[in-house]
Amino acid sequence: MEQKFTSFLLFCLITISICHADPEQLQDFCVANNPSTDTIINGFPCKPASSVVSDDFFFAGLSQEGNTNSRFGSSVTAGNVLSFPGLNTLGLAINRVDVAPGGVNPLHSHPRSSELVFVMKGNLLVGFISSANKFYSKVLGPGETFVIPKGLFHFQYNVGNSTATAITLFNSQLPGVWSAPLGLFGAKPEIPMEVLTKTFQVNSSIISVLESNFGN
């Protein structure tokens, strides 16, 4: 019985590890065919090889600085399969993050990917929180890198006097993003007030202010 249980547990662990990673590609490439459609599969259909062109493997979206005139003082330009179809099945994505002085790319997580942060200019405080509630952080300058493990909440905060820019790399074609402030206080439909007041140990008026800031 113990041997059967061990074998079953091993099978479950292997299955989970496979299901939580981008699938391996089965051909040289699989350029996404209309990735903005509502086709529901684990990935996107392949464009016919006969219609694939060089531009399918090219993306210029990160060449321009993003507009940091936002509530958080930051801008994220995503280079994932939705905007860069050539990434389909390759298990890669790349973003550009621009942060104004005092701005922040607020607490968020990527449920399907780890993240490598490479600072191109400026100074960013980059940090994440482990499942043991320990905070790890480092101030990065140009040419320096910090890695964020998969699924953990993290941020980038500009501690300098000029706009900072970072390139972030992911081991998923579509890492996903869950924003802490928007997810908690801007969810549709709303999270019950009783849940939020009990969770944060504050009264409903404070929750209402936070919800009004994030769309509810």
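Residues numbered from 1 in each chain as written. Predicted model: local features only at pLDDT ≥ 70, side-chain atom pairs only at ≥ 80, totals over all residues. Heavy atoms only, no water.

- Going by an unreviewed UniProt entry, the protein carries the name Germin-like protein and comes from Rhynchospora pubera.
- For the protein, the Subcellular location (unreviewed entry) comment in UniProt is given as "Secreted, Extracellular space, Apoplast".
- In the Sequence similarities (unreviewed entry) part of its UniProt record, the protein is described as follows: "Belongs to the germin family." (UniProt positions renumbered as here; feature names shortened; annotations may be inferred.)

**Thoughts on the UniProt feature "binding site: Mn(2+)" (unreviewed entry) in the protein**
Here comes step 1: Sites flagged by UniProt as "binding site: Mn(2+)" (unreviewed entry) map to H108, H110, E115 and H154. These annotated residues cover 47 residues of sequence, but their C-alpha atoms sit close together, with the largest distance between any two at 11.8 Å.
Here comes step 2: With residues near it in sequence (within four places) discarded, H110 still touches E115, K150, G151, H154, F170, P175, G176 and V177.
Here comes step 3: Reaching out from H110, the side chain makes a polar contact with the side chain of E115 at a distance of 3.0 Å. (Contact = heavy atoms within 4.5 Å. Polar contact = N/O pair within 3.5 Å; in protein donor to acceptor, adjacent residues only side chain to side chain.)

**Topic: the environment of N69**
Here comes step 1: By the secondary structure assignment, N69 is in the loop between α1 (2–19) and β1 (74–79).
Here comes step 2: Owing to a relative accessible area of 69%, N69 belongs among the exposed residues under this scheme.
Here comes step 3: Residues N69 and G103, 34 residues apart in the sequence, show an inter-C-alpha distance of 9.6 Å. (Helix = DSSP H or I, 4+ residues; strand = E, 2+ residues; numbered from the N terminus. Buried < 20%, exposed > 50% of the residue type's maximum accessible area, 1.4 Å probe, protein only.)

**Here's the deal with the pattern of salt bridges**
Here comes step 1: All told, the structure shown has three salt bridges when counted by the stated rule.
Here comes step 2: With a shortest N-O distance of 3.4 Å, E65 and K121 are connected by a salt bridge. In this pair, E65 is assigned in the loop between α1 and β1 and K121 in strand β4 (residues 115–121), connecting sequence segments 56 residues apart.
Here comes step 3: A residue is classified by how much of its surface remains accessible, and K121, at 36% relative accessible area, is partly exposed.
Here comes step 4: For D98, the salt bridge identified is with R96, shortest N-O distance 3.0 Å.
Here comes step 5: According to the relative accessible area criterion, R96 is buried, its value standing at 11%. (Salt bridge = Lys/Arg side-chain N within 4 Å of Asp/Glu carboxyl O.)

**Re the UniProt feature "binding site: oxalate" (unreviewed entry) in the protein**
Here comes step 1: Under the feature "binding site: oxalate" (unreviewed entry), the UniProt entry names N95, N105, H110 and E115. In terms of the greatest pairwise C-alpha distance, the residues named above, spread along 21 residues, form a tight cluster of at most 13.9 Å across.
Here comes step 2: Within the element layout of this structure, N105 appears in strand β3 (residues 104–109).
Here comes step 3: For N105, the contacting residues outside a window of four places in its chain are S74, V76, V97, F155 and Q156.
Here comes step 4: A distance of 2.7 Å separates a polar atom in the side chain of N105 from a polar atom in the side chain of Q156.
Here comes step 5: Here E115 shows up in strand β4.

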